[in-house]
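Close look at the chain arrangement
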Amino acid sequence: MTVTIASLGFPRIGPRRELKFALERYWSGQSGETELHEAASGLRTATWARQKALGIDWLPSNDFSLYDHMLDMSLMLGAIPARYGAADGEAGLATYFAMARGTAGEESGCSHAHASLTACEMTKWFDTNYHFLVPELHAGQRLALGRLKAVEEYREAKAQGYETRPVIVGPVTWLSLAKGHGLDPFDRLDEILGLYGVILGQLALAGADWVQIDEPILVTDLDDRQRRAFTRAYARLARSGPKLMLTTYFGGLDDTLSFAASLPVSGLHVDLVRAPHQLAPLLKAAPRSLLLSLGVIDGRNIWRADLEALLDRLEPVAAMRDIVIAPSCSLLHVPVDLALEHKLDDEVKQWLAFAVQKLEELAILNRALVDGRASVAAELAASTQAAVLRRASPRIHDAQVAARIAAITPAMHDRRSGHAARRGQQQAALGLPAFPTTTIGSFPQTADVRHARAEHGRGRLDTDAYRQFLREETERAIRWQEEAGLDMLVHGEFERNDMVQYFGEQLSGFAFTANGWVQSYGSRCVRPPILYGDVSRPRAMTVDWWRHAQGLTDKPVKGMLTGPVTILNWSFVRDDQPREASCRQIALAIRDEVLDLEKAGAQAIQIDEAALREGLPLRRRDWQAYLDWAVACFRLAAAGADDATQIHTHMCYSEFNDILPSIGAMDADVISIETARSQMELLEGFARYRYPAAIGPGVYDIHAPRVPGEAEMVALMRMARRHLAPDQLWVNPDCGLKTRTWEEVRPAIAAMVAAARTLRADL
Ligand code: GLN
Ligand code: ZN
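Here the structure is a predicted model, which means the values were calculated and not measured. (Residues numbered from 1 in each chain as written. Chains lettered and ligands numbered in written order. Predicted model: local features only at pLDDT ≥ 70, side-chain atom pairs only at ≥ 80, totals over all residues.)

Let us now look at the UniProt feature "binding site: L-methionine" (unreviewed entry) in the protein. Here, the residues flagged by UniProt with the feature "binding site: L-methionine" (unreviewed entry) are I440, G441, S442, E493 and D608. On the basis of their most widely separated C-alpha atoms, the annotated residues across 169 residues gather in one place, lying no more than 12.9 Å apart. With respect to the element layout, G441 can be found in the loop between α16 (419–430) and α17 (447–457). Exposure remark for G441: the 24 C-beta atoms within 10 Å place this residue in the buried category. Filtering out sequence-adjacent residues up to four positions away, G441 remains in contact with V490, E493, M560, Q606 and G736. Among the secondary structure elements, D608 is positioned in strand β18 (residues 604–608). (UniProt positions renumbered as here; feature names shortened; annotations may be inferred. Helix = DSSP H or I, 4+ residues; strand = E, 2+ residues; numbered from the N terminus. Buried ≥ 20, exposed ≤ 12 C-beta atoms within 10 Å, placed from the backbone. Contact = placed C-beta atoms within 7 Å.)

Okay, structure coming up:
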């Protein structure tokens, strides 16, 4: 029986974020299209070469993207909303980036700037921290094949001597994630299938024997329409040329297992990390003619695998039938190369594997399966030893943390009084006007700020000078907010590299990489902390910065914290205890910080839970259990606060309708949410649910460089007023402003404050 190794996709950003820098140079006008394409093709070539050298049999192509693979798919199908003005299906880079990021409106000589465009909606890719651009289908919109990027990149690889298996997002996943404007996206199924058929045909013509067709939607709860679409789609696509490796990940097929195994495809990839239990039923259900690809190496986390344990499971299968072994999913979600880490200590480092190391693990597994374990005895012994050492490490278990966890009482999850009673006390303490204005926390992380941080990191700027610099930045931000007329201020988060990393670095139990970047969206990358051990807070983390900021102004300054669920969801977390156990430890640490801020005099404290919703399990049946512990952890973090202390929370990109009771159960006093891109649609749900507390529906989409005007924000708030009482509403941007420039922020916030004044005049 043969065993081969597949890579389902490799990180695109490059080992040192080369793609990010190339994009930024292009966007800022420092380089042109040619340079951008050269940088991109350089990355692709290096990636193929690297994976080939690691012994990968199935090299992916078209896993690369300049911004997002869903957007790439939309463009191949010509699904370009009319507002981008590229109706002929041929869209250039300008259209591509306009859809991705919006446009700021071109400067022209006269005072009228050209109309600016909003970007497509962006949302989380399943339960990952990767964001994709939501496909849009409009009634009457013409679809037509666009540039066939998948074919071009297949050819590009071939010309360099690499035979690849192109990766495309499958039609049912694409349609399931698309938003129909005035139509049900599935109404366009046949038309879409026609286009997919051509794309696959072209791939076959170019020489592609196999195509990896990603249908992660198969691991979610499917409705009948989706099932019918699968049946129809694959009956049709099976005839279009290449063999199809139907690729599922992020969970188990479970109730759709026999359905998926019976689709007329040539191969099926399953995630055996998230859903190891599906192996046995799959072996029963899958006909011999179906090539099984077993995702046995974790594509979502950074732990090194226990290879001997895996071999125990794989050997009997490999004796029975041909298999492909692979990471559970694309390696997009893990950093590129552990070898680039010089900061991690050796003990932690030996527990880890990044993308390159994961492919190396597959190569070892493959040799063990093909030539016997003895052929890789040393490698296997090293893997086993790392697993043993990790389990036994004293750095992971802290008796004091265990004792505090055991002492948690139910009362620790409740504020003293209910929301209505707290509201009066907070209003008396704060004295805010109607439609109070605020921001979400961060202000632009300018080149100066990042430079100072980098210099400090390199030891070229001493800590005193660095802190002095940050104090001055903070002071400028406070002065500017006062001038702008904002009601509740923030210190600006200049000292924070990232809202999770900043806390992780000060908590015990977390490790940090020097270069462990993972793509969040487009050029934006994050370096998730590695949560490896029990969590505690050695000392206050934010109090000094808050005190400095509040000392500069009479307006209230919000304390600014990241919540336990978000710290958890944006970290690589332990796989040796349940997520909720780790979360509860973080919650206790944040609770300590809330109490310290309050003691220092903070009247409002924001606990960001940007990532609460994205932690939702993919299957409905698992939702409530997650929400229950997530909400309990938030409450544990917040509920130590006095009634008069206003607890804010903030959430991004959230579709809340289905989890509103849990949002309510968080019992925050004010919640700010992202709604600017979805026209306040969200608020309907809050109104229906009679959400009792205050809401700041974002009126300014901060994800794009575009500066919104006052009228637009007033219009949005008037839409909001249709759903909610005026005294429930705050006026704020839809997220932090760290990625924007001051040139964008100043006019936008000025317009926002003006909008709030207009709204007050309405009353
Ligand atoms: N307070 C954070 C900020 O303003 C919140 C960011 C977020 O929600 N992603 O940057
Ligand atoms: Zn946000």
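Back to the text.
Confidence in the prediction of the protein, expressed as mean pLDDT, is 95, and 98% of residues score 70 or more. Predicted confidence is poor over residues 106–114, with pLDDT under 50, and the contacts of this stretch with residues over four places away or in other chains come to 7 contacts. Model confidence for the complex is summarised by a pTM of 0.90, with the ipTM given as 0.99. (pLDDT = per-residue confidence, 0-100.)

Right, let's talk about the pairing of β18 for a bit. Along β18, 5 of the 5 residues are buried, which leaves the element largely enclosed by surrounding structure. Neither face of β18 is left uncovered, since the one carrying A604, Q606 and D608 and the one carrying I605 and I607 both have all their residues buried. Where strand β17 (residues 559–562) meets β18, 4 bridges bridge the pair, whose relative direction is parallel. Bridging from a neighbouring strand, T562 pairs with D608 of β18. As defined by bridge partners, β18 adjoins strand β19 (residues 646–651) across 5 bridges and the pair is classed as parallel. (Pairing = 2+ DSSP bridges.)

Of all 6 residues making up β19, 6 are buried, and the element is well covered by its neighbours. By the alternation rule, side chains of β19 split into Q646, H648 and H650 and I647, T649 and M651, which are all buried. Once the chain exits β18 it traverses helix α23 (residues 623–638) before rejoining the sheet at β19, and the crossover so formed is right-handed. Relative to strand β20 (residues 670–673), β19 runs parallel, the two sharing 4 bridges. Looking across to β20, one finds that H648 is bridged to V670. (Right-handed = clockwise from strand over helix to strand, strands pointing away.)

This part takes up helix α27 (residues 742–762). The end-to-end C-alpha distance of α27, which contains 21 residues, comes to 30 Å, matching closely the 30 Å that a straight helix rising 1.5 Å per residue would cover. Of all the positions in α27, only E744, V745, A748, I749, A751, M752, A755, A756 and L759 are classed as buried. The arc enclosing the buried residues of α27, seen along the axis, measures out at 160°, which places them on a common side. In α27, the exposed positions that point more than 90 degrees away from the buried face belong to E743 and A761. Looking at the buried side of α27, the elements it contacts are α18 (463–484) and α26 (710–723). (Expected span 1.5 Å × (residues − 1). Arc of directions from axis to C-beta.)

The parallel open sheet is built from 5 strands, whose spatial order is β17-β18-β19-β20-β21. What marks the edges here is a single partner per strand, and that holds for β17 and β21 (694–697). In this sheet, neighbouring strand axes are inclined to one another by 20° on average, regardless of whether the strands run parallel or antiparallel. On top of the sheet, helix α22 (residues 579–600) reaches β17 and β18; it is set at about 180° to β17, its chief contact. (Axes fitted to C-alpha atoms, helices over the stretch in contact; angles between N-to-C directions.)

Take the environment of D127 next. Its location among the elements puts D127 in the loop between β3 (122–124) and β4 (131–133). By C-beta crowding, D127 is classed as partly exposed, having 18 other C-beta atoms within 10 Å. Separated by 165 residues in sequence, D127 and L292 place their C-alpha atoms 24 Å apart. Beyond its immediate chain neighbours, meaning those up to four positions away, D127 contacts F250, E614, G615, L616, P617 and L618.

With that settled, consider the nonpolar core. The biggest cluster of nonpolar side chains holds 230 residues, and the ones touching the most others in it are I325, L365, M717, M752 and A755. The element that contributes the greatest number of residues to this core is α23, accounting for 9 residues. Other than its neighbours up to four places away in sequence, M717 contacts V699, L729, V731, A755 and L759. In terms of nonpolar packing, the next biggest core, distinct from the first, is built from 5 residues, V449, F469, L470 and F494 among them. (Core = buried A, V, L, I, M, F, W, Y, C linked by C-beta atoms within 7 Å.)

Taking 1.5 Å of rise per residue, 22 residues should cover 32 Å, and α22 covers 32 Å from first to last C-alpha, within 8% of that figure. Note on α22: the residue one or two positions beyond its end, G601, has a positive phi of about 115°.

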